[in-house]
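The chain contents come next:
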Amino acid sequence: MALVSVRDYEQRAHEIIPRNALDYYRSGAGDELSLQLNRTGFDRLRIRPRMLQGGSTRDLTCTVFGERFALPIAISPTAMQRMAHPEGEVANAKAAANRQVLFTLSTISTSSIEEVANATPNAPKWFQLYIYRDRKLTEELVRRAEKAGYRAIVLTVDAPLFGLRRADMRNKFSLPPHLTMANFVGKASSIRSQGGSGINEYIAEQLDPTLSWDDVKWLLGFTKLPVIVKGILTREDAIIAADLGVQGIFVSNHGARQLDSVPASIEALPEIVSAVGNRVEIFLDGGITQGTDVFKALALGARMVFFGRPALWGLAVNGQAGVEHVLDILRNELDLTMALAGCKTLADITKDYVVHENYYSKL
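What counts and how
Counting restarts for each chain: residues are numbered from 1 in the order of the written sequence. Only residues with pLDDT of at least 70 get local features here, since the model is predicted, and only at 80 or more are side-chain atom pairs given and counted; chain-wide, interface and lining totals rely on the full set of residues. Computation of side-chain values: all heavy atoms of the structure, hydrogens and water removed. Counting from the N terminus, the helices are the DSSP runs of H or I reaching at least four residues and the strands are the DSSP runs of E reaching at least two. C-alpha atoms define the radius of gyration, and 2.2 Å times the number of residues to the power 0.38 defines the globule rule. Whether two residues are in contact is decided by their heavy atoms: any pair within 4.5 Å suffices. Computed with the Shrake-Rupley method and a 1.4 Å probe, the accessible areas treat only the protein chains shown as cover for residues. Residues scored as positive are Lys and Arg, those scored as negative are Asp and Glu, and His as well as the terminal groups of each chain are ignored. The atoms used to mark charge sites are NZ of Lys, CZ of Arg, CG of Asp and CD of Glu. Classification of residues uses two cut-offs on accessible area relative to the type maximum, computed with a 1.4 Å probe and protein chains only: under 20% is buried, over 50% is exposed, and between them is partly exposed. In this description, one arc is meant: the one made by directions from the helix axis to the C-beta atoms. Aromatic pairs are defined between Phe, Tyr and Trp rings, using the six-membered ring for Trp, whenever the two ring centres lie within 6.5 Å; interplanar angles under 30 degrees are classed as stacked, those over 60 as edge-to-face, and all others as tilted. Note on geometry: a ring has a charge over it if NZ (lysine) or CZ (arginine) is within 6 Å of the ring centre and within 35 degrees of the ring normal. UniProt positions are given in the numbering used here, feature names are shortened, and annotations may be inferred rather than shown by experiment. As used in this record, nonpolar core signifies buried Ala, Val, Leu, Ile, Met, Phe, Trp, Tyr and Cys residues forming a set joined through side-chain atoms within 4.5 Å. Salt bridge, as applied in this entry: a Lys or Arg side-chain nitrogen positioned within 4 Å of an Asp or Glu carboxyl oxygen. Note on disulfides: each one is a pair of cysteine sulfur atoms within 2.5 Å. By convention, orient the strands away from the viewer: a clockwise path from the first strand over the helix to the second makes the crossover right-handed.

**Quick word on the overall build of the protein**
Here's step 1: Within the protein, the secondary structure is distributed over 14 helices and twelve strands.
Here's step 2: Against the 2.2 N^0.38 benchmark of 21 Å for 363 residues, the protein shows a C-alpha radius of gyration of 19 Å, consistent with a compact globule.
Here's step 3: Considering only contacts within the protein whose residues lie at least 6 apart along the sequence, 73% involve residues at least 24 apart.
Here's step 4: About 14,900 Å² of surface is accessible on the protein, with carbon and sulfur atoms providing 50% of the total.
Here's step 5: For the protein, the separation between the mean place of its 41 positive charges and that of its 40 negative charges on side chains is 2 Å.

This is the structure in structure tokens:
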């Protein structure tokens, strides 16, 4: 069967990836209500197309922090990608570089900061940061990212502990023995089950559950890179972050893997754009599977849209070429959506183009 959509890649990847890794990648927290909302939140939005707008081509380029990208689509940080393919994060980053889109490396990656940087020396990349109990270790990660040429730090703020991920508990998840957390040596490099979910046990031991806004101030105080906070879902937290001086906010529910029953990222996006959209760059991550999703997020105020799982599905199916094809699919779908909706540039995609489904029941 020809692979013509992200869903096609997802289905094929589910046949390829070993169960232990697959359940880690695809599962959500609790009863997975929020995981469903990440999809249905987009489904409840309607596009209001405008006709006879003219123009035979569209400009999909996007500028963030002074850098120009081919698309308003980027790759989110996802952990342990070599469970999906032997080349893991390196292949994913190369695909992003070849398509001139942004790649974000996870702290808990199976390819190191330096490996990914050396494989894509001129391509813009961001580094996602967890704050470890050992602050010196945390600062060293930031310094390594700075030295290796990463362009921003994406601080995950929604994971002082990892959420209730039942699939990992059932599987007693462990990182396969031939793989390690490549950014670390010693105990912090290994994820092995001690009877439950190995990843939850690792996070409970290594990360700092007392994480607070003071830690955001601490990070802002020593890095010269832009700091983006990832995991914001309320206007109150968005305002605090903007007041502290962060340069960007990731509206994200961590792939619905932390607290179940939180809103979908796309549901939370409008209130955050309304609160601080004129002060910081707003990004969205969660639930993106097709070009219409990207269009809807841009219409509601996101500067750029990130996805994680679709890149993993492409990686599992065909390595770097698979990720490139997934990006090509989303690019073509966004281009077609813009053409049929009557938008020639990203600036044309305004909130007038998208309404909630309830809009039509009130007419």
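**Things to note about helix H10 (residues 235-244)**
Here's step 1: Those residues of H10 not exposed but buried are Ala 238, Ala 241 and Ala 242. Down the axis, H10 shows its buried residues gathered within 95° of arc, on one side only.
Here's step 2: Looking at the buried residues of H10, the elements they touch are helix H9 (213-222), strand E8 (227-232), strand E9 (248-252) and helix H11 (265-276).
Here's step 3: Positive phi shows up at Gly 245, right after H10, with a value of about 110°.

**Focus on the packing of aromatic side chains**
Here's step 1: Counted by the stated rule, this structure contains 15 aromatic pairs.
Here's step 2: With centroids separated by 5.0 Å and ring planes inclined at 20°, the aromatic side chains of Tyr 24 and Phe 173 adopt a geometry described as stacked. Placement of the pair is Tyr 24 in helix H2 (residues 19-26) and Phe 173 in the loop between helix H7 (166-171) and helix H8 (198-206), with a sequence separation of 149 residues. The exposure classification of Tyr 24 matches that of Phe 173, with both residues buried.
Here's step 3: Summarising the aromatic geometry, the rings of Phe 127 and Tyr 150 are spaced 6.2 Å apart at their centres and angled 70° between planes, so their arrangement reads as edge-to-face. In this pair, Phe 127 is assigned in strand E6 (residues 125-129) and Tyr 150 in the loop between helix H6 (135-147) and strand E7 (152-156), connecting sequence segments 23 residues apart. Take Phe 127 and Tyr 150: they sit in the same class, and that class is buried.
Here's step 4: One aromatic cluster is present, formed by Phe 65, Trp 126, Phe 250, Phe 283 and Phe 306 through successive ring pairs.
Here's step 5: Looking at Arg 165, its charged tip hangs above the ring of Phe 162, at a distance of 4.1 Å from the centre.
Here's step 6: The ring of Phe 250 has Lys 230 sitting right over it, with the charged end atom 5.8 Å from the ring centre.

**Describing unusual backbone geometry**
Here's step 1: Despite not being glycine, Glu 32 shows a phi value in the positive range, around 65°.
Here's step 2: Position of Glu 32 relative to the elements: it lies in the loop between H2 and helix H3 (33-43).
Here's step 3: Judged by its relative accessible area of 28%, Glu 32 falls in the partly exposed class.
Here's step 4: In this structure, Gln 100 takes a positive phi of about 55° despite not being glycine.
Here's step 5: Taking relative accessible area as the criterion, Gln 100 reaches 55% and is therefore assigned exposed.

**Let's talk about the UniProt feature "binding site: FMN" (unreviewed entry) in the protein**
Here's step 1: Under the present numbering, the feature "binding site: FMN" (unreviewed entry) in UniProt falls on Pro 77, Thr 78, Ala 79, Ser 106, Gln 128, Tyr 130, Thr 156, Lys 230, Ser 252, Gly 308 and Arg 309.
Here's step 2: Structurally, the position occupied by Pro 77 is in the loop between strand E4 (73-75) and helix H4 (88-98).
Here's step 3: Residue class for Pro 77 comes out buried when judged on its relative accessible area of 15%.
Here's step 4: Among the secondary structure elements, Gly 308 is positioned in the loop between strand E11 (304-307) and helix H13 (309-341).
Here's step 5: Residue class for Gly 308 comes out buried when judged on its relative accessible area of 11%.
Here's step 6: When neighbours within four sequence positions are excluded, Gly 308 is seen to be in contact with Ser 76 and Thr 78.

**What to know about the nonpolar core**
Here's step 1: Counting 120 residues, the largest nonpolar core has Trp 126 and Ile 249 as the members making the most contacts within it.
Here's step 2: Examining the composition of this core, we find that 13 residues originate from one element, H13, more than from any other.

**Concerning the pattern of salt bridges**
Here's step 1: Counting across every chain of the model gives 19 salt bridges.
Here's step 2: The partner of Glu 357 in a salt bridge is Arg 46, and the shortest N-O contact between them spans 2.9 Å. Placement of Glu 357 in the loop between strand E12 (354-356) and helix H14 (358-361) and of Arg 46 in strand E1 (residues 45-47) is noted, with a sequence separation of 311 residues between them.
Here's step 3: The exposure class of Arg 46 is partly exposed, given its relative accessible area of 30%.
Here's step 4: Between Glu 67 and Arg 151 there is a salt bridge, and its shortest N-O distance comes to 2.1 Å. Separated by 84 residues along the polypeptide, Glu 67 in strand E3 (residues 67-69) and Arg 151 in the loop between H6 and E7 bring together distant segments of the chain.
Here's step 5: It is possible to trace a salt-bridge network through shared partners that takes in Arg 19, Asp 23 and Arg 26.

**A few points about the state of the cysteines**
Here's step 1: Overall, the coordinates contain zero disulfides when judged by the stated rule.
Here's step 2: Cys 62 carries a free sulfur, and the closest cysteine sulfur to it, the one in Cys 343, is 15 Å from it.
Here's step 3: For Cys 343, a relative accessible area of 1% translates into the label buried.

**Points about the pairing of strand E10 (residues 281-285)**
Here's step 1: In terms of burial, E10 is largely enclosed, as five of its five residues are buried.
Here's step 2: Neither face of E10 is left uncovered, since the one carrying Glu 281, Phe 283 and Asp 285 and the one carrying Ile 282 and Leu 284 both have all their residues buried.
Here's step 3: Each parallel crossover has a hand, and the one from E9 via H11 to E10 is right-handed.
Here's step 4: Each parallel crossover has a hand, and for E10 linked through helix H12 (residues 291-299) to E11 it is right-handed.

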